[in-house]
Amino acid sequence: MPDGQKTILVVDDDPDARDFFITVLEDHGYATVSARDGNAALQQLEKSLPDLVTLDITMPEKSGVGVYRKLKETDEYKGIPVVIITGVSDDFKQFISSRRQVPPPEGYLSKPVEPQDLVAKVEALLG
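Below is a short write-up of the structure. What you see is a predicted model, and the numbers here were worked out from it, not measured in a lab.

Observations regarding the side chain of threonine 86
Part 1 of the reasoning: Examined against the element boundaries, threonine 86 turns out to sit in strand 4 (residues 82-86).
Part 2 of the reasoning: Note on threonine 86: relative accessible area 0%, which makes it buried.
Part 3 of the reasoning: If we ignore the near neighbours within four places in the chain, the residues touching threonine 86 are Asp56, Ile57, Thr58, Tyr108, Leu109, Ser110 and Lys111.

Laid out in structure tokens, this is it:
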């Protein structure tokens, strides 16, 4: 990948959603790596640290909440911005933002996600 290119870890169990996010991000100059569930996401993080993570919440195996908690409780990962992307309602946004154990996510997008919203959020967080 070119120098200075930012890498985004895309975590979603829906292959169509994952491919959509990857296409949008790569079309805007980002490198991507992907994971189909929480366990795969954690394995990916052990290989290399991304500049940002997009994280689906409702996934089999390890849920997005479990991955999010691990990201924010681990010194090595806690500086990585996380954009939670989910079809879950605003109630969930309130829930995750009110957890005392972990800080609220840096970004939050509801499915279906518009490409320009995804890019705007990522650009805002990565400068």
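Points about the pattern of salt bridges
Part 1 of the reasoning: Under the counting rule described, the total for this entry stands at four salt bridges.
Part 2 of the reasoning: Between lysine 111 and aspartate 12 there is a salt bridge, with the nearest N and O atoms lying 2.9 Å from each other. Note that lysine 111 is positioned in the loop between strand 5 (107-110) and helix 5 (115-126) and aspartate 12 in the loop between strand 1 (7-11) and helix 1 (15-27), a separation of 99 residues in sequence.
Part 3 of the reasoning: Taking relative accessible area as the criterion, lysine 111 reaches 28% and is therefore assigned partly exposed.

Conventions adopted
- Residues numbered from 1 in each chain as written.
- Predicted model: local features only at pLDDT ≥ 70, side-chain atom pairs only at ≥ 80, totals over all residues.
- Heavy atoms only, no water.
- Helix = DSSP H or I, 4+ residues; strand = E, 2+ residues; numbered from the N terminus.
- Buried < 20%, exposed > 50% of the residue type's maximum accessible area, 1.4 Å probe, protein only.
- Contact = heavy atoms within 4.5 Å.
- Salt bridge = Lys/Arg side-chain N within 4 Å of Asp/Glu carboxyl O.

Any link to function would need more than the numbers given here.
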